[in-house]
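Structure assessment
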Amino acid sequence: MKKKALVTLVLSAALMTVAGCGQKADSGKTAGGTASPAPVATANAQKTYKVAISQIVEHPSLDATRQGFLAALKDAGIVEGSNLKVDFNNAQGDQTNNLSIAQKIASSDSDLVLGIATPSAQAVVQQVKKAPILFAAVTDPLAAKIVSNLDKPGGNVSGASDTNPAAVAQLMDFVAANLPKVKTVGLVINEGEPNAVIMAKNAEESLTKHGIKLVKAPVTNTSEVKQAAQSLVGRADAFLITLDNTVVSGVDSIIQLANEKHIPFFSSDRDTVEKGAFATVGFKYYDHGYQVGQMAVEILKNGKKPADLKVTVPEKLDLILNLKAAKAQGIEVTDAMKNAVKDKEKNIIQ
């Protein structure tokens, strides 16, 4: 009896051990009996990108640039709120804010930095030395000393210029050819913005060839734009603005004055024409931002260096007309004007 009892105890202990092992083996199964997936290692988790954006001021062209940039990232699978964290900073046109933003970004761990408009790009280039930098809405990155070479930028900076020198000349040629009564063009300008100064010089050179004079009304901030435009009434036959962030931010007052006084108003960007200027030679800033966003994808996902990405300029220029604005400003739109537009469906705004 004692021998049988001993055997029974040994067998019972063995069965209990096997049962316990079975419970451990089954612990990874769901209620339905299927094995639950093994936890994903942190190293294999989807990367989250951090992009810092510095924008000198908010206005339609610069906002559209930012929207296009983020759209290009999204189309490449880099989506804000999912695997993309965006640190957006608006300097509100203030240079002190602009510098503080650049310094803050320099101390962050951003994977990429975007400077929208010349002052913002200049500030981040001066402060950020490690993270890749792209710029957008910069008229002349060479004169602004953002890069030293357009084809081979070098360093940690590249991007896209928002102007083709031919655009200003083409617009001034259009004015001379189609508005013979215009002998003087009035320019509202912040001469503290390098991009505005460069474009003003190009405009003046083009107008001089046609015997047309350029008169400037300087401003230092957006609140002065209305008064500056008013000072041109009686001195100028037409209004002009460049890609001048200070002036574009206050452009509504120029549009209103141009309509009230029946003065043709020419801008350097499509967004201002859509708002109420008569004409420009240009492109969509959303597309411009999208182009820069594609460069960002090359850097973030494909390991490219800004130094190896050439600075681009708009190539598909076209005349853009706003017929409603023309009527408000007392302009008779001729067939010759309309025929100067290549893509009439997109670039003649009714």
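See the structure above.
Now for a description of the structure that goes with this document.

What to know about the overall build of the protein chain
Of regular secondary structure, the protein chain possesses 14 helices and twelve strands. Counting only residues that meet the buried cut, the protein chain has 48% of its 350 residues in that class. Long-range pairs, those at least 24 residues apart, make up 71% of the contacts in the protein chain with a sequence separation of at least 6.

A look at the pairing of strand 3 (residues 112–116)
Across the five residues of strand 3, five count as buried, placing the element largely inside the fold. Judged by which residues are buried, strand 3 turns out to be covered on both faces: L112, L114 and I116 on one side and V113 and G115 on the other are all buried. Here five bridges tie strand 1 (residues 49–55) to strand 3, and the two strands are oriented parallel to one another. Its bridge partner lying in strand 3, I53 is registered against L114. When strand 3 meets strand 4 (residues 133–138), the two strands line up parallel, connected through four bridges. Residue pairing in the sheet places L114 in a bridge with L134 of strand 4.

Brief notes about unusual backbone geometry
Although it is not a glycine, K145 adopts a positive phi angle of roughly 60°. Locating K145 in the fold gives a position in the loop between strand 4 and strand 5 (157–161). On the accessibility criterion, K145 (73% relative accessible area) is exposed. A positive phi angle is found at H262, which is not glycine, with a value near 55°. Considering the arrangement of structural elements, one finds H262 in the loop between helix 9 (251–261) and strand 9 (265–266).

Quick notes on the pattern of salt bridges
Taken as a whole, this structure holds nine salt bridges when the rule is applied. Between E191 and K216 there is a salt bridge whose closest N-O contact spans 3.6 Å. Placement of E191 in the loop between strand 6 (184–189) and helix 6 (194–209) and of K216 in strand 7 (residues 213–218) is noted, with a sequence separation of 25 residues between them. On the basis of relative accessibility, which here comes to 35%, the residue K216 falls in the partly exposed class.

Some thoughts on empty space enclosed by the protein
Scanning the entire structure with this criterion turns up two cavities of 30 Å³ or more. Approximately 120 Å³ is the volume found for the largest cavity. Considering the residues around the largest cavity, the lining is formed by 17 residues, among which A167, V168, M199, S268 and V281 are closest to the centre. Elements with a contribution of two residues or more to the lining of the largest cavity: helix 5 (165–178), helix 6 and strand 10 (279–282). With four residues, the single largest contributor to the lining of the largest cavity is helix 5. Residues belonging to the lining of the largest cavity are distributed by class as follows: ten nonpolar, six polar and one charged. Put simply, the second largest cavity is a space of about 80 Å³. Along its surface, the second largest cavity is lined by H59, S61, L62, A137, D162, N195, L243, D244, N245, V248, D269 and Y285.

Description of the sheet that holds strand 5
Within a sheet, neighbouring strands are paired by backbone hydrogen bonds and run either parallel or antiparallel to one another. If you trace the five strands from one edge of the open sheet to the other, you get 2-1-3-4-5, paired in parallel fashion. Looking at which strands have only one partner, the edges of the open sheet turn out to be strand 2 (84–90) and strand 5. Taken over all neighbouring pairs, the strand axes of this sheet differ in orientation by 15° on average, direction set aside. Contacting strand 1, strand 2 and strand 3, helix 3 (residues 95–106) runs over the sheet at an angle of about 155° to strand 2. Running at roughly 170° to strand 4, helix 11 (residues 285–300) makes contact with strand 1, strand 3, strand 4 and strand 5 of the sheet.

Criteria and cut-off values
- Residues numbered from 1 in each chain as written.
- Predicted model: local features only at pLDDT ≥ 70, side-chain atom pairs only at ≥ 80, totals over all residues.
- Heavy atoms only, no water.
- Helix = DSSP H or I, 4+ residues; strand = E, 2+ residues; numbered from the N terminus.
- Buried < 20%, exposed > 50% of the residue type's maximum accessible area, 1.4 Å probe, protein only.
- Contact = heavy atoms within 4.5 Å.
- Pairing = 2+ DSSP bridges.
- Salt bridge = Lys/Arg side-chain N within 4 Å of Asp/Glu carboxyl O.
- 1 Å grid on protein atoms, 1.4 Å probe; cavity = no way out; pocket = protein on both sides within 12 Å on 5 of 7 lines; lining within 4 Å.
- Points joined across faces, edges and corners; volume = space filled by probe spheres on them.
- Nonpolar A, V, L, I, M, F, W, Y, C, P; charged D, E, K, R; others polar.
- Axes fitted to C-alpha atoms, helices over the stretch in contact; angles between N-to-C directions.

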